[in-house]
Amino acid sequence: MSSNLRVGVLTISDTASQDPAADTSGPSLCRLVEAEPRYTVEVIACIPDDHKVIQKTVTAWCDELDLHLVLTTGGTGFGVRDCTPEAVLPLLDRQTPGISHLIFAKSIQITPFAALSRAVSGIRGQTLVLTFPGSPKAVKENFEAVAKMLPHAIDLARGGTGKKTHEKMQGGPRPSGATPAAVEEKMSRRLRKSPYPLIPMDQALSSVMDRVVPLPSIQKPVDGSLIGAVLDEDVVAVEAVPGYRASILDGYAVIDTDGPGQYPVTAVSIATASSDGSAATLLPGQIARITTGGALPDGATAVVMVEDTLLVKSSEDGTREETVEILAKVRKGEAIREIGSDIQVGQTVLKSGQVISAVGGEIGVLASIGVQKVLVRQHPVVGFLSTGNEVVNHDNGEALKMGQIRDSNRPTLIAATKAAGFDYLDLGIAPDRPEDLEAAIKDGLAKCDIVVTTGGVSMGEMDLLKPILEQKLGATIHFGRIMMKPGKPTTFATVPNPDGGQPKLIFALPGNPVSATVTFHLFVLPALRKLAGYEKYMWPSVQATVAHDVWLDERPEYQRAVVSVTPEGSIKVQSTDKNQMSSRMVNMLGANSLMVLPGRTAERDSISTGQKIECLLISNLG
Ligand SMILES: Nc1nc2c(c(=O)[nH]1)N[C@H]1C(S)=C(S)[C@@H](COP(=O)(O)OP(=O)(O)OC[C@H]3O[C@@H](n4cnc5c(N)ncnc54)[C@H](O)[C@@H]3O)O[C@H]1N2
Ligand code: MOO
Ligand SMILES: [Mg+2]
């Protein structure tokens, strides 16, 4: 008998087939199976409670893949859609009631509800097929009930004598049991295939964004701390701008109908607060000296600039102008800013949802109408934790020891966060020790809305993040792998908020520096923007002409690139570097965009020079 028993794990559930991240039984079953070294989970799928789809899948797995063992979870109960036994039974050449009875006997000792399972089992061709109910608890109990005899049963079903298996089975119980890999036992029981389905990018993005809701709102003073904030109220002016009739020029307030001629200067209005709150009054045949921003005397209908006048007579001491000649005719209203001509009382100057920009317009307008505080969405705080025994602070001033690397992820992601205007917390570096990782993430969760870790999410024995999130932090992992390059093991989880607020978000990004940076831009920054209330939280994109042939990877790729506008006005895009390896940070140099490359197919393996491709603009155009 082969020492490598190839297993298929099939989740049968309408809900999970729509959102594989909601599937908990399938991944549990994978972990149970792979805890035993001689099994390899070769295929995982999540399908609806559909008679035909179940039959098609199970048939293909038995006949085409010739798996040793097919385990299904779900669809065995009394629910109206539950049809796994009805779909599977006709496929079986021989039923195996003993296995079904054993499972039932064990389960019924644990709960009387086991009586509600209609699970079946049997052999199709050379493949043993077992159907389990659809809960992680039930799959554990059911699998453990038969785990010991399965290799033997498979051996026999394949035409073996069972001798070898029998001997092995006599050697005592399996060394590490058939429970899910626990954090502490990761090394000896690590899975040989990831239990997390490889989900497409669009599904991963919506899985994140559907769970991100803007943070509550707070009142904030009108100052620089507002930059980047999103208003959560319409702002209506309660003051007019200008609040009085003001001159636009330095010159003379006149009555336009008086026309050109010589006039006595009867008043002076320089731009200052009036002591009694009133303006002077101008009578026909009089003019008033006025400065830019000065309040117009009552009765004045226009302002003549000083350059269009002549001084006729001044006081003896030269401090006052007494008579001035107006040289040209002026139109009514000329060079006057009427009350409310910029902003009227009652006018909505800013709308809810508007972002307070760093350009200054919004703060300037708010300040001009005397708004003291505005209601804005709280800005999220994101914590950054680097993980890895080999990772040291980049600025520790020490020479690297063999095997050490400088932490480039934290400085990179912190700088990008600052530039985007979000608050952050530096959570430092945690070694690959369960208790350190747990403590550091807990600390981050207590202080931040989002915790971003880098490293430790792939298949190595030191990749502890996923089990720690699930087993120690009570997090729900919504996805643990994405069909993308770079960033395949990108992991997203949520944990309940102890304060009762919305769940905290955890992004466990891959350790490779480019993977961490790219996935930060693709997932974390948009999530931060959505949390902060931005309506447009995704990156803008343009269609650009590729300046050279681009080879496609089997995974859809986000290639680092420079988008620029040619002198002729067209938009072109060029890769930053031929070598786009995800450990090679130099290929991020100068990147202002990510080319969105589709996965390679039999029909298409490259994008040729001159073809157009979508590019996400993650920085200003070059
Ligand atoms: N058997 C498999 N191995 C790997 C797979 C796989 O599917 N099967 N996926 C590969 C892919 S794709 C990626 S991406 C990486 C992800 O690795 P991890 O997230 O587990 O990260 P580590 O193993 O901890 O580190 C990977 C790499 O990055 C360096 N690193 C880590 N932290 C930092 C930091 N803060 N600054 C700079 N560099 C860092 C680390 O030293 C490693 O070289 O897994 C593949 N493996
Ligand atoms: O997906 Mo990994 O991020 O290629 O290196
Ligand atoms: Mg790793």
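Model, not experiment: these values are computed from the prediction. (Residues numbered from 1 in each chain as written. Chains lettered and ligands numbered in written order. Predicted model: local features only at pLDDT ≥ 70, side-chain atom pairs only at ≥ 80, totals over all residues. Heavy atoms only, no water.)

J.: With reference to specific residues and values, describe the site of ligand 1.
T.: Close to ligand 1 lie 23 residues; E390, D407, G456, S458 and G511 are nearest. Here S408 contributes a backbone N or O atom positioned 3.1 Å from a nitrogen atom of ligand 1. The side chain of K488 places a nitrogen or oxygen atom 3.1 Å from an oxygen atom of ligand 1. Here ligand 1 has 880 Å² of accessible area as a free molecule, and 71% of this is covered by the chains. Residue assignment for the shell around ligand 1 shows that the elements contributing at least two residues are strand 19 (381-387), strand 21 (405-406) and helix 15 (513-531). For the shell around ligand 1, a count of residues per class yields 7 nonpolar, 11 polar and 5 charged. (Near = heavy atom within 4 Å. Polar contact = N/O pair within 3.5 Å; in protein donor to acceptor, adjacent residues only side chain to side chain. Areas by Shrake-Rupley, 256 points an atom, 1.4 Å probe, with all protein chains shown as cover. Helix = DSSP H or I, 4+ residues; strand = E, 2+ residues; numbered from the N terminus. Nonpolar A, V, L, I, M, F, W, Y, C, P; charged D, E, K, R; others polar.)

J.: I'd like a description of the layout of surface pockets, backed by residues and values.
T.: If you add up the space inside the largest pocket, you get close to 510 Å³. As for the largest pocket, its lining consists of 32 residues, and the residues nearest its centre are A114, S117, A119, P133 and N142. If you list the elements that add at least two residues to the lining of the largest pocket, you get helix 5 (97-110), strand 6 (127-132) and helix 6 (136-146). Across the lining of the largest pocket, the residue classes break down as 12 nonpolar, 16 polar and 4 charged. (1 Å grid on protein atoms, 1.4 Å probe; cavity = no way out; pocket = protein on both sides within 12 Å on 5 of 7 lines; lining within 4 Å. Points joined across faces, edges and corners; volume = space filled by probe spheres on them.)

J.: Report on the packing of aromatic side chains, specifying residues and quantitative values.
T.: The full count for this structure, using the stated rule, is 4 aromatic pairs. Ring geometry for F384 and F520: centres 5.8 Å apart, planes at 55 degrees, overall tilted. In this pair, F384 sits in strand 19 while F520 sits in helix 15, placing the two residues 136 residues apart along the sequence. Comparing F384 with F520 shows no difference in burial state: the two are buried. Pairing F492 with F507 gives two aromatic rings, centres 5.0 Å apart and planes at 35 degrees, and the pair type is tilted. Placement of F492 in strand 25 (residues 491-495) and of F507 in strand 26 (residues 504-509) is noted, with a sequence separation of 15 residues between them. These aromatic residues form a ring-pair network of at least three members: F479, F492, F507 and F523. Over the ring of W539 we find R529, and its NZ or CZ is 4.1 Å from the ring centre. (Phe/Tyr/Trp six-rings, centres within 6.5 Å; stacked < 30°, edge-to-face > 60°. Buried < 20%, exposed > 50% of the residue type's maximum accessible area, 1.4 Å probe, protein only. Lys NZ or Arg CZ within 6 Å of the ring centre and 35° of its normal.)

J.: Please provide a residue-by-residue account of the UniProt feature "domain: MoaB/Mog" (unreviewed entry) in the chain, values included.
T.: On the UniProt side, "domain: MoaB/Mog" (unreviewed entry) is annotated at positions that read residues 8-153 and 383-530 here. Strand forms 21% of residues 8-153 and helix 43%; the C-alpha atoms that close the span are 16 Å apart. Across residues 383-530, the secondary structure splits into 34% helix and 25% strand, with the terminal C-alpha atoms separated by 17 Å. (UniProt positions renumbered as here; feature names shortened; annotations may be inferred.)

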